[in-house]
Amino acid sequence: MEDSKNMFWGLAVKPNKRYETEVQEAFRITKACLVPSTAEGKVTTLFIETENNEEFILANLSLKNFNETLEISFNEGQKICFRVSGPGTIHLTGNLLELDEGFNDDAYDEGDSEDEIVDELKNLKWTKQQLKQLNDNDNDNADSDDDDDENENEEESEDDEASEEDDSEEMDDEELTDLI
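Quick summary incoming for the structure in this document. Computed from a predicted structure; not experimentally measured. Residue positions are counted from 1 within each chain, in the order its sequence is given. At least 70 in pLDDT is required for a residue's local features to be given in this predicted model, at least 80 for side-chain atom pairs to be given and counted, and no such filter applies to totals for whole chains, interfaces and linings, which use all residues. Where side-chain values are given, they derive from all heavy atoms of the structure, hydrogens and water being excluded.

So, about the overall build of the protein chain. Along the backbone of the protein chain there are five helices and eight strands. Moving toward the C terminus, one meets the helices and strands of the protein chain in the order β-β-β-β-β-β-β-β-α-α-α-α-α. Looking at the protein chain residue by residue over its 180 residues, the buried ones come to 22%. Taking the intrachain contacts of the protein chain between residues at least 6 apart in sequence as the baseline, contacts between residues at least 24 apart amount to 81%. Total accessible area on the protein chain stands at roughly 12,900 Å², and carbon and sulfur atoms take up 42% of it. Runs of H or I in DSSP of at least four residues are treated as helices and runs of E of at least two as strands, each being numbered from the N terminus. Buried means the residue's accessible area, taken with a 1.4 Å probe over protein chains only, is under 20% of the maximum for its type, while exposed means over 50%, and partly exposed covers the values in between. Whether two residues touch is decided by their heavy atoms; if any such pair falls within 4.5 Å, the residues are in contact. Calculation of accessible area relied on Shrake-Rupley with a 1.4 Å probe; when residues are assessed, cover is drawn exclusively from the protein chains displayed.

As structure tokens, then:
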């Protein structure tokens, strides 16, 4: 299957018609445009009706404001309905959405215990040196304007020369717990 993240999605919503559907594939609407020749100099309103029969205005378009940027996403299985009030035809455009295959919402669920998180970190087999570098990078970004950069560089050189054994030593449970 093609990479559908970048696939175009579009719909022309005409006056006095309802476009009702159950979403088959997640998509996002990014633009609503009025067809100027259909507007008759009047305001055309785009509505959406949701599953619980609530109706919301997405855009009021006219010859003075004939397009609107939107950022509205719909998930597979949602029931939605678009309709227009007024004389104009409105084109909705956007793209299909696809969750990354490697993405997992439940990877770090709020209910994960500290032990489960420590186990996950242990599986990464990060060394003390890697964690120190990560921490140093965070500190460097936060303190990039400090005047004592020379002192930090001298300290890092001394730390690097101190012991190569520490560089490859894996973190124990207590040290991983301290990081959380």
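A few words now on the packing of aromatic side chains. Aromatic rings from Phe, Tyr and Trp, taking only the six-membered ring of Trp, are treated as a pair when their centres fall within 6.5 Å; an angle between ring planes under 30 degrees marks them as stacked, one over 60 as edge-to-face, and anything in between as tilted. Under the criterion given, the structure shown has three aromatic pairs. For the pair W9 and F27, a centre-to-centre distance of 4.3 Å together with 20° between the ring planes defines the contact as stacked. Of this pair, W9 sits in strand β1 (residues 8–13) while F27 sits in strand β3 (residues 27–34); the two residues are 18 residues apart in sequence, bridging distant segments of the chain. The pair W9 / F27 is uniform in exposure class, with both members buried. Ring geometry for F74 and F82: centres 6.1 Å apart, planes at 85°, overall edge-to-face. We note that F74, like F82, is buried. Linked through ring pairs, W9, F27, F74 and F82 together constitute an aromatic cluster.

Sheet topology places β3 next to strand β6 (residues 67–74); six bridges connect them, and they run antiparallel. What sits directly across from C33, in β6, is N67. Strands pair, by our definition, only if DSSP identifies at least two bridges between them. In this structure, β3 lies alongside strand β8 (residues 90–96), joined through seven bridges in antiparallel fashion. Pairing of R28 across the sheet is with N95, part of β8.

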